[in-house]
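Read off the chains here:
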Amino acid sequence: MPLLFVLGCIFFPLSFAVLCWGLQNHSNLRMEKQEAVLVASKLVSSVQAVMASTAGYIVSTSCKHIIDDQHWLSSAYTQFAVPYFIYDIYAMFLCHWHKHQVKGHGGDEGSTRVPGSTWAVARGYLHKEFLMVLHHAVMVLVCFPLSVVWRQGKGDFFLGCLLMAEVSTPFVCLGKILIQYKQQHTLLHKVNGALMLLSFLCCRVLLFPYLYWAYGRHAGLPLLAVPLALPVHVNLGAALLLAPQLYWFFLICRGACRLFRPRGSRPPSPCQTQD
């Protein structure tokens, strides 16, 4: 279905461009470009997350046999969503670029642009967002070919469950928007932080033990015996997918500790609040 891939290539960048334009030109908003780029990118990510989670729920609940049952949405949405990861690498760079410009390192109108500043910004972006860029690249270059070719129509249930990992993304996006507007101490930010932590734990960290448990139930194996019954490359792939989730969950927990620290405790430093 190459048409779905082409539609994804059009849908995500176009949605971003339209949202940026609307946020900057709507009479009740009139956002600065930096704000519009950040908010638009997070809105597109949230829309993709809702679509992915919905598709994942439909697929996983429709597959009664977790190995052999198939659902057309598993391959269709995968092909539609792959361009999102390519687009999002660029959208994250734009956010980083405009943030850099506002700080005065990239040369605003009327000032002289520093030679090599674009490359410096790109290097700073890759340094800061290396794990996320690597994650997106792996999704496109490894996970997509494996899901389309290697699976050969098997395991749609597991793919559906993996798509539901996106449940936590809207809370992550809202948190970043609230931080952008310095709303870290509002009730909304605290409630969103709690929901982000809970959804990330359930849908990204505990997801992998659940998948092992589901396979063990299907194969009549106890949970601890499942890794021994699976090929090494399957366990290795699961470990590589789980590793960044554990790191990001650690960062979320660290942020939650700062967020819910009692008022009498030492406040976080300005650099911490920008993490």
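Residues numbered from 1 in each chain as written. Predicted model: local features only at pLDDT ≥ 70, side-chain atom pairs only at ≥ 80, totals over all residues. Heavy atoms only, no water.

1. Quick word on the nonpolar core
Counted only if it meets this: Residue types Ala, Val, Leu, Ile, Met, Phe, Trp, Tyr and Cys, when buried and joined through side-chain atoms within 4.5 Å, form a set referred to as a nonpolar core. Relative accessibility thresholds used throughout: buried, under 20% of the residue-type maximum; exposed, over 50%; partly exposed, between the two (1.4 Å probe, protein chains only). Strands here mean DSSP runs of E at least two residues long; helices mean DSSP runs of H or I at least four residues long; both are numbered from the N terminus. Residue contacts follow a heavy-atom distance rule, with two residues in contact if any of their heavy atoms lie within 4.5 Å.
Formed by 43 residues in total, the largest nonpolar core has its most connected members in Phe 16, Tyr 77, Tyr 87 and Phe 157. Listing elements by their share of this core, those giving two or more residues are α1 (2–25), α2 (33–62), α3 (72–102), α5 (130–150), α6 (156–163) and α9 (207–219). With eleven residues, the top contributor of residues to this core is α3. Setting aside its immediate chain neighbours within four residues, Tyr 87 contacts Phe 12, Pro 13, Phe 16, Ser 41 and Val 44. If you look at the next biggest cluster of nonpolar residues, it comprises seven residues, including Trp 97, Val 121, Tyr 125 and Val 133.

2. Brief notes about the environment of Ala 36
Residue placement: Ala 36 occurs in helix α2. Along the chain, Ala 36 and Trp 21 lie 15 residues apart, while their C-alpha atoms are 7.9 Å from each other. Ala 36 has contacts with Cys 20, Leu 23, Gln 24 and Met 31, leaving out every residue within four places of it along the chain.

3. A closer look at the environment of Val 6
On the secondary structure map, Val 6 appears in helix α1. In this structure, the C-alpha to C-alpha distance between Val 6 and Phe 80, residues 74 residues apart in sequence, is 7.6 Å.

4. Topic: the packing of α5 against helix α11 (residues 232–259)
Note the cut-off: Lines are fitted to the C-alpha atoms to define the axes, a helix being fitted only along its stretch in contact, and any angle between axes, read from their N-to-C directions, falls within 0 to 180 degrees. With respect to orientation, any angle under 35 degrees is reported as roughly parallel, any angle over 145 as roughly antiparallel, any angle of 65 to 115 as roughly perpendicular, and every other angle as oblique. The hand of a helix crossing depends on one turn: near helix anticlockwise from the far one by less than a right angle means left-handed, and clockwise means right-handed. When residue character is reported, Ala, Val, Leu, Ile, Met, Phe, Trp, Tyr, Cys and Pro are called nonpolar, Asp, Glu, Lys and Arg charged, and the others, Gly included, polar.
Look at α5 against α11: their axes get within 13 Å of each other, and the N-to-C directions meet at 150°. Between α5 and α11, the angle is such that the two are roughly antiparallel. Judged by the sense of rotation from one axis to the other, the crossing of α5 with α11 is left-handed. In this structure, α5 contributes Leu 131, Met 132, His 135, Met 139, Cys 143 and Trp 150 to the contact, and α11 contributes His 233, Leu 241, Pro 244, Gln 245, Tyr 247 and Trp 248. The residue inventory of the contact of α5 with α11, partitioned by class, reads nine nonpolar, three polar and no charged.

5. Some remarks on the confidence of the model for the chain
The condition that has to hold: Per-residue confidence from the prediction method is given by pLDDT, with values spanning 0 to 100.
Looking at the chain, pLDDT values average 88 and 89% of them are 70 or higher. Long-range and interchain partners of residues 105–116, a stretch whose pLDDT sits below 50, account for 13 contacts in this model, where long-range means more than four residues apart. Confidence drops under a pLDDT of 50 for residues 269–275, and excluding neighbours within four residues, the segment shows nine contacts in the predicted structure.

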